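# Working through the structure, step by step
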Amino acid sequence: MSDGRSLSITIGSTLLTLTQGDITQQEVDAIVNAANSSLLGGGGVDGAIHRAGGPSILEECKAIREKQGGCPTGEAVVTSAGKLKARFVIHTVGPVWKGGSANEENLLRNAYRNSLEKAREKSATTLAFPSISTGVYGFPIERASKIAFATVREYIRTYPHLHEVRFVVFSRHDFEVYSPLFRDGAGPP
Ligand code: ADP
């Protein structure tokens, strides 16, 4: 299926969708935030989520921070979603790109996987991801998109409870980078 700004494929019983847009506007059970380990908010998608969702998200992040001292890279924590249409925000911390030899690929994989785990714990069946680490954190999007797609595909083959996983990219360029995965992605890994 394709309307130019949206592509989707079905893997098992899960719909994988690529859409260009604003993640704060998605009508899904949970959206993922590309947070930083302080959990205190930042720019990019993090700033957009806190602005659109209102102050309760930051209050919950602060409470988590007091309890566990932030969120390590590759891990994820969950808050409610304030004024957003989603029910939950899953805050995950992607790696800062340091040239590729600092375990960045594994850490990015962990960020996706742990976000999927949190969604499962919350019984969320529809989930939207931004392109984690490919903004300020500088992870090359060609590599990051493949990791994102492969990690989600592997996960839903094991846990088929998700109805939809949506990749929400902000720019036309990012949409073009992700697109081939949604055209060829149903094939072997
Ligand atoms: P990171 O620090 O993990 O790199 P950024 O927020 O800087 O995170 O960027 C991650 C991606 O999110 C970038 O591709 C950026 O363009 C995109 N982005 C920024 N705002 C939004 C938004 N409102 N909805 C979806 N994606 C967004």
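Whatever comes next refers back to the structure up there.
Conventions we followed
Numbering of residues starts from 1 in every chain and runs along the sequence as written. Thresholds applied to this predicted model are a pLDDT of at least 70 for local features of residues and 80 or more for the giving and counting of side-chain atom pairs; totals over whole chains, interfaces and linings are not thresholded and use all residues. Hydrogens and water are ignored here; the side-chain numbers use all heavy atoms of the structure. Strands here mean DSSP runs of E at least two residues long; helices mean DSSP runs of H or I at least four residues long; both are numbered from the N terminus. Residue exposure (1.4 Å probe, protein chains only): buried if accessible area is under 20% of the type maximum, exposed if over 50%, otherwise partly exposed. Whether two residues are in contact is decided by their heavy atoms: any pair within 4.5 Å suffices. Exposure was quantified through the Shrake-Rupley algorithm and a 1.4 Å probe, taking into account, for residues, occlusion by the shown protein chains and nothing else. An expected span of 1.5 Å times one less than the residue number is assigned to each helix. Each C-beta atom gives one direction from the helix axis, and the arc is the one those directions make. In these notes, residues near a molecule or strand are those with any non-hydrogen atom within 4 Å of it. Polar contact criterion, stated in full: a pair of N or O atoms within 3.5 Å, where within protein one must be able to donate a hydrogen and the other to accept it, and residues adjacent in sequence count only if both atoms are side-chain atoms. Residues are said to line a cavity or pocket when one of their atoms sits within 4 Å of a point; the points come from a 1 Å grid over protein atoms alone, cavities being sets where a 1.4 Å probe fits but cannot get out and pockets being open sets with protein on both sides within 12 Å along at least five of seven lines. The rule for placing a molecule in a cavity or pocket is simple: more than half of its atoms must lie within 2 Å of the grid points. To pair, rings of Phe, Tyr and Trp, with the six-membered ring standing in for Trp, must have centres within 6.5 Å; the planes then decide the type, stacked if under 30 degrees apart, edge-to-face if over 60, and tilted in the middle. Grid points are joined across faces, edges and corners, and a volume is the space filled by probe spheres set on the points. Nonpolar core, defined: a set of buried Ala, Val, Leu, Ile, Met, Phe, Trp, Tyr and Cys residues in which side-chain atoms within 4.5 Å join the residues together. Whenever a carboxyl oxygen of Asp or Glu lies within 4 Å of a side-chain nitrogen of Lys or Arg, that contact is scored as a salt bridge.

### Things to note about the overall build of the chain
The helix and strand tally for the chain stands at five helices and seven strands. Its C-alpha atoms put the chain at 45 × 35 × 30 Å along the principal axes. Looking at the chain residue by residue over its 189 residues, the buried ones come to 49%. When contacts within the chain are restricted to residue pairs at least 6 apart in sequence, those whose partners lie at least 24 apart make up 69%. Carbon and sulfur atoms provide 50% of the accessible area of the chain, an area that totals close to 8,600 Å².

### Things to note about helix H2 (residues 56-68)
Compared with an ideal rise of 1.5 Å per residue, which puts 13 residues at 18 Å, H2 spans 18 Å between its outermost C-alpha atoms and is within 8% of the ideal. All of the buried residues along H2 are Ile 57, Cys 61 and Ile 64. Angularly, the buried residues of H2 cover 60° about the axis, an arc narrow enough to put them on a single face. Where H2 is buried, its residues touch helix H1 (44-53), strand S4 (76-80) and strand S5 (88-93). Following H2 by one or two positions, Gly 69 has its phi on the positive side, about 65°.

### Description of the site of the ligand
Around the ligand, a shell composed of 15 residues is seen, among which Asp 22, Val 45, Ser 133, Gly 135 and Val 136 lie nearest. Between the ligand and Tyr 137, the relevant distance is 3.0 Å, taken from an oxygen atom to a main-chain nitrogen or oxygen of the residue. For the ligand, an oxygen atom lies 3.5 Å from a polar atom in the side chain of Asp 174. Protein coverage of the free-state accessible area of the ligand, which is 560 Å², stands at 89%. Mapping the ligand onto the cavity grids shows that it belongs to the largest pocket.

### Let's talk about the environment of Leu 107
Assignment of secondary structure puts Leu 107 in helix H3 (residues 104-121). Considered as a pair, Leu 107 and Gly 135 are 28 residues apart in the sequence and their alpha carbons are 16 Å apart.

### Description of the packing of aromatic side chains
A full pass over the atoms with the stated rule returns seven aromatic pairs. On the basis of an interplanar angle of 45° and a centroid distance of 4.8 Å, the ring pair of Tyr 112 and Phe 129 is categorised as tilted. Here Tyr 112 is found in helix H3, whereas its partner Phe 129 is found in strand S6 (residues 126-129), with 17 residues between them in sequence. Take Tyr 112 and Phe 129: they sit in the same class, and that class is buried.

### What to know about the layout of surface pockets
The gaps left among the atoms become clear once a water-sized probe is rolled over them. In this structure, the largest pocket encloses a volume near 610 Å³. If you trace the largest pocket, you find 26 residues lining it, with Ala 34, Gly 44, Val 45, Asp 46 and Gly 135 closest to the centre. Those elements that provide at least two residues to the lining of the largest pocket are strand S3 (30-35), H1 and strand S7 (164-169). Here the lining of the largest pocket takes five residues from H1, the largest share from any one element.

### Section: the nonpolar core
In this structure, Leu 16, Phe 129, Phe 167 and Phe 182 are the most contacted members of the largest nonpolar core, which totals 37 residues. Residue contributions to this core peak at eight residues, all from helix H4 (residues 141-158). Not counting chain neighbours up to four residues away, the residues in contact with Phe 129 comprise Ile 23, Val 32, Tyr 112, Ser 115, Leu 116, Val 152, Val 165, Arg 166, Phe 167 and Val 168. Counting residues in hydrophobic clusters, the runner-up holds 18 residues, among them Ile 31, Ala 35, Val 77 and Val 168.

### Comments concerning the pattern of salt bridges
It is possible for side chains of opposite charge to pair when their charged atoms get near one another. On inspection of all chains with the given rule, the structure shows six salt bridges. With its nearest N and O atoms 3.6 Å apart, the salt bridge here joins Arg 87 to Asp 29. Separated by 58 residues along the polypeptide, Arg 87 in the loop between S4 and S5 and Asp 29 in the loop between strand S2 (14-20) and S3 bring together distant segments of the chain. For Asp 29, a relative accessible area of 16% corresponds to the buried category. Here Glu 176 ties to Arg 172 by a salt bridge, and the two come within 3.0 Å at their closest N and O atoms. In this pair, Glu 176 and Arg 172 are both assigned in helix H5 (residues 172-184), four residues apart and thus about one turn of the helix distant. With relative accessibility at 34%, the residue Arg 172 sits in the partly exposed group.

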